[in-house]
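Structural overview for review
The primary structure of each chain is shown beneath.
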Amino acid sequence: MDKMTLRQGIIRKACLTSVVVGSALLLINHGDTIKAQEYPALWKVGLTYLVPFLVTIWGSLSFEGK
């Protein structure tokens, strides 16, 4: 397996993690406001999905380097 294939796998895993974990965090952190039909700021929603994405990439690359 070459590095490009490995990196594509990391991105795919990070996207899936971001969708699953980000959605759970969005419901936990902003579920009450969404239920009241008051939506959180878009930058907060973006960060909710971005953080799990970056953490997955960081963890995968850190493990790959060992």
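Our subject is the structure that appears above.
Scope of this entry: the structure provided in the associated data block. (Residues numbered from 1 in each chain as written. Predicted model: local features only at pLDDT ≥ 70, side-chain atom pairs only at ≥ 80, totals over all residues. Heavy atoms only, no water.)

1. Some remarks on a nonpolar patch on the surface
For clarity, the cut-off: For patch building, the residue pool is restricted to those with more than 30% relative accessible area and no salt bridge; the joining distance is 9 Å between like charges and 5 Å between nonpolar side chains (Val, Leu, Ile, Met, Phe, Trp, Tyr). Each accessible area is a Shrake-Rupley estimate made with a 1.4 Å probe; only the visible protein chains count as cover when residues are assessed. Salt bridges are defined as contacts in which a side-chain nitrogen from Lys or Arg sits within 4 Å of a carboxyl oxygen from Asp or Glu. Strands here are runs of E lasting at least two residues and helices are runs of H or I lasting at least four, both read from the DSSP assignment and numbered beginning at the N terminus.
Among the surface-exposed residues, Leu-16, Val-19, Val-20, Val-21, Leu-25 and Ile-28 lie close enough to one another that they form a single nonpolar patch of about 540 Å² accessible area. Along the chain, the position of Val-19 falls in helix α1 (residues 3-35).

2. Notes on the environment of Gly-46
Structurally, Gly-46 is set in helix α2 (residues 42-64). Along the chain, Gly-46 and Leu-26 lie 20 residues apart, while their C-alpha atoms are 9.9 Å from each other.

3. Remarks on unusual backbone geometry
Note the following rule: Think of it in three bands: with a 1.4 Å probe and only protein chains considered, a residue is buried below 20% of the maximum accessible area for its type, exposed above 50%, and partly exposed in between.
Even without glycine at this site, Gln-37 takes up a positive phi of about 60°. Tracing the chain through its elements places Gln-37 in the loop between α1 and α2. Residue Gln-37 is classed as exposed on the basis of its relative accessible area of 62%.

4. So, the environment of Gly-9
Looking at where Gly-9 falls in the secondary structure, it is placed in helix α1. A residue is classified by how much of its surface remains accessible, and Gly-9, at 28% relative accessible area, is partly exposed. Sequence spacing of Gly-9 and Ser-60 is 51 residues, and the spatial spacing of their C-alpha atoms is 9.8 Å.

This is a description of form; function is not addressed.
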